[in-house]
Amino acid sequence: MHDLLLRGGRVIDPEQGIDGICDVAFQGGKVAAIGPKLAQNAHEIRDISGLIVTPGLIDMHSHVYWGATALGVDAETISKRSGTTTFVDAGSAGAGNFAGLRRFIAEPSTPRILAYLNISFPGIFGFSKNVMVGECEDLRLLDSRECLALAEQNLDLIVGIKARVGARAGGSSGLAPLLLAIEVAEELGLPVMAHIDFPPPGRREVLDALRPGDILTHCFRPFPNAPITRGDQVRADIIEAHKRGIIFDIGHGFGGFSFRSARAMLAEGILPDVISSDVHVLCCDGPAYDVLAVMSKFMALGMPLTEVIRATTQNPARAMQRPELGSLKPGTPGDATVLDLCAGSFEHVDVSNEVITAQTRLFSKGMVIGGKWWLEASGC
Ligand SMILES: [Zn+2]
């Protein structure tokens, strides 16, 4: 007897190469079985025919340190509308305030919370519409020993080190915060996630510093530091970095994603490895909204549904070295998202205020987290 059975949905699990009508059973917090026409004996059976079931959606770039950092949003609120079962906080906390992210956010949360630890001791401390002070502007705040020691004590939650380099996040610090982050990450055997904004540093300097498996976020940003030329050609250094195994993460946010860059990259055959929202207070009501909205934008640009799901399940799970989170293989944590692919007319906007119209959009119809049905969402 299983705890929960999702019956008759279209299961799309890129990690296992599954796309077909299947039942999924959960038992003891884990996926117990998957296949067409499983035995119908479970305490709770949910008929989801006509809907899509995926491994639980991962938003690998988010800011969910609500209340303690001004940019944080409430993970459960965003989860309910977007079907996100795992949020990865991307550097809201540094060594000086990570304990609060664990105690007050991650531990009581129904959605899973993991984190990239900011190389800067206070994390992202000065971020609002009117106050914008980069945490990497003052190198006195960046201490490798503090960052390493804290990370070593919290490897159950920390999946890498975050460095925000750019004029907005780091003033005139240039590449230094990233070099410090890489040194810590090497000690830990973990990747770094590098944010770019306005130079300095320039895109090429950042790419040259990154190692295979490291993550470039805001990878499809508009000028400056865009991946494309004025003539919409993908830059050679971007193609080379992708071949070398740098992970390209979207990190939409309020400045990190343009349709123009995305169209040129897709035309070149470079899909984003990871689709993420960079959801925070200044973009949760647009233009980014949440990871499901960003997924829908990529569908509008012609990226196949299976690849969109791969970029929010299998790929982020692998990039975080947590492959068990990205599939519905029996024995893995019992996280799944139920989606409705709705037809209609839906407008999408990017950070440059370009608007496109799509004929379909994904809506969340609910989630399973740790083997338990969490909640019903309204859908379309
Ligand atoms: Zn961010």
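Remember, predicted model here, so these are calculated numbers, not experimental data. (Residues numbered from 1 in each chain as written. Predicted model: local features only at pLDDT ≥ 70, side-chain atom pairs only at ≥ 80, totals over all residues.)

S.K.: Can you help me understand the overall build of the protein chain in this one?
M.R.: Scanning the protein chain for helices and strands turns up 11 helices and 17 strands. The C-alpha radius of gyration of the protein chain comes to 20 Å, within 12% of the 21 Å expected for a compact globule of 380 residues. In terms of its C-alpha atoms, the protein chain occupies a principal-axis envelope of roughly 60 × 45 × 40 Å. The buried share of the protein chain, reckoned over its 380 residues, is 55%. Within the protein chain, residue pairs in contact and separated by at least 24 positions form 74% of the contacts whose partners lie at least 6 positions apart. (Helix = DSSP H or I, 4+ residues; strand = E, 2+ residues; numbered from the N terminus. Rg over C-alpha atoms; globule rule 2.2 N^0.38 Å. Buried ≥ 20, exposed ≤ 12 C-beta atoms within 10 Å, placed from the backbone. Contact = placed C-beta atoms within 7 Å.)

S.K.: Hey, could you run me through helix H3 (residues 144–152) in this one?
M.R.: A turn of α-helix holds 3.6 residues, and therefore any two residues three or four places apart point the same way. Within H3 the residues assigned to the buried category are Cys147, Leu148, Leu150 and Ala151. Here the buried face of H3 lies against helix H2 (98–106), strand E8 (112–118), strand E11 (158–165) and helix H5 (176–188).

S.K.: Could you clarify how one ought to interpret the sheet that holds strand E12 (residues 192–196) in this entry?
M.R.: Picture the strands of a sheet paired through backbone hydrogen bonds; they go either parallel or antiparallel. Sheet architecture is open: 7 strands sit in the order E6-E7-E8-E11-E12-E13-E14, paired in parallel fashion. Pairing within the sheet leaves two strands with one partner each, and these edge strands are strand E6 (57–62) and strand E14 (247–249). Here the strands of the sheet are splayed against their neighbours by 25° on average, with no regard to which way each runs. Pairing analysis gives 3 bridges linking strand E13 (residues 215–217) to E14, with the strands arranged parallel. What sits directly across from Leu216, in E14, is Phe248. (Pairing = 2+ DSSP bridges. Axes fitted to C-alpha atoms, helices over the stretch in contact; angles between N-to-C directions.)

S.K.: In this structure, what is going on with the domain arrangement of the protein chain? I would like to understand it.
M.R.: Interface size is often expressed as the accessible area that is lost when the parts come together. Under the domain assignment, the protein chain is made up of domain 1 (2–54 + 330–373) and domain 2 (56–326). Between the C-alpha centres of domain 1 and domain 2 there is a distance of 25 Å. For the side of domain 1 that touches domain 2, the element with the most residues is strand E16 (residues 355–369), which contributes 8 residues. (Domains from an automatic or database assignment.)

S.K.: Just checking my understanding: could you explain unusual backbone geometry for this structure?
M.R.: Keep in mind that most residues, glycine aside, have a negative phi and that most peptide bonds are trans. Cis geometry is adopted by the peptide bond preceding Pro201, which originates at Pro200 and carries an omega value of 0°. Relative to the elements of secondary structure, Pro201 occurs in the loop between E12 and helix H6 (203–209). The omega torsion of the bond from Phe223 to Pro224 falls at -5°, within 30 degrees of zero and hence cis. Examined against the element boundaries, Pro224 turns out to sit in the loop between E13 and helix H7 (236–243). If you check the backbone angles, Asp278 has positive phi at about 55° while not being a glycine. Non-glycine residue Gln321 carries a positive phi angle of around 60°.

S.K.: Honestly, the nonpolar core in this entry has me stumped. Any pointers?
M.R.: What tends to happen in soluble globular proteins is that the nonpolar side chains get buried as a cluster. Counting 116 residues, the largest nonpolar core has Val24, Val88, Ala115, Leu117, Ile161, Ala181 and Ala194 as its most contacted members. In terms of residues, this core owes the most to one element, helix H9 (residues 291–300), which gives 7 residues. When residues of this core are sorted by domain, at least three fall in each of domain 1 (2–54 + 330–373) and domain 2 (56–326). (Core = buried A, V, L, I, M, F, W, Y, C linked by C-beta atoms within 7 Å.)

S.K.: Help me out: how do you make sense of the packing of H3 against H5 in this one?
M.R.: The description of two packed helices rests on the angle between their axes and on the distance between the axes. At a minimum axis separation of 10 Å, H3 and H5 run at an interaxial angle of 35°. Between H3 and H5 lies a crossing of right-handed hand. In this structure, H3 uses Ser144, Cys147, Leu148 and Ala151 to contact H5, whose residues at the interface are Leu180, Glu183, Val184, Glu187 and Leu188. Residues belonging to the contact of H3 with H5 are distributed by class as follows: 6 nonpolar, 1 polar and 2 charged. (Left-handed = near helix turned anticlockwise from the far one by under 90°. Nonpolar A, V, L, I, M, F, W, Y, C, P; charged D, E, K, R; others polar.)

S.K.: Honestly, H2 in this entry has me stumped. Any pointers?
M.R.: Along H2, the residues classified as buried are Phe98, Leu101, Ile105 and Ala106. Buried residues of H2, viewed axially, fall in a sector of 70°; they line one side. Looking at the packing, one finds that the buried side of H2 touches strand E7 (84–94), E8 and H3. (Arc of directions from axis to C-beta.)

S.K.: Even after reading the chapter, I still don't get the environment of Gly20, so can you show me in this structure?
M.R.: Of note, Gly20 is situated in strand E2 (residues 18–27). In sequence terms Gly20 and Ala236 are 216 residues apart; their C-alpha atoms lie 39 Å from each other. Excluding residues within four positions of it along the chain, Gly20 makes contact with Arg10 and Val11.

S.K.: I tried to follow the environment of Ala236 on my own but got confused; where do I start?
M.R.: Assignment of secondary structure puts Ala236 in helix H7. Judged by C-beta crowding, with 10 C-beta atoms within 10 Å, Ala236 ranks as exposed. In the structure, Ala236 is positioned 46 residues away from Leu282 in sequence and 33 Å away in space, judged by C-alpha atoms.

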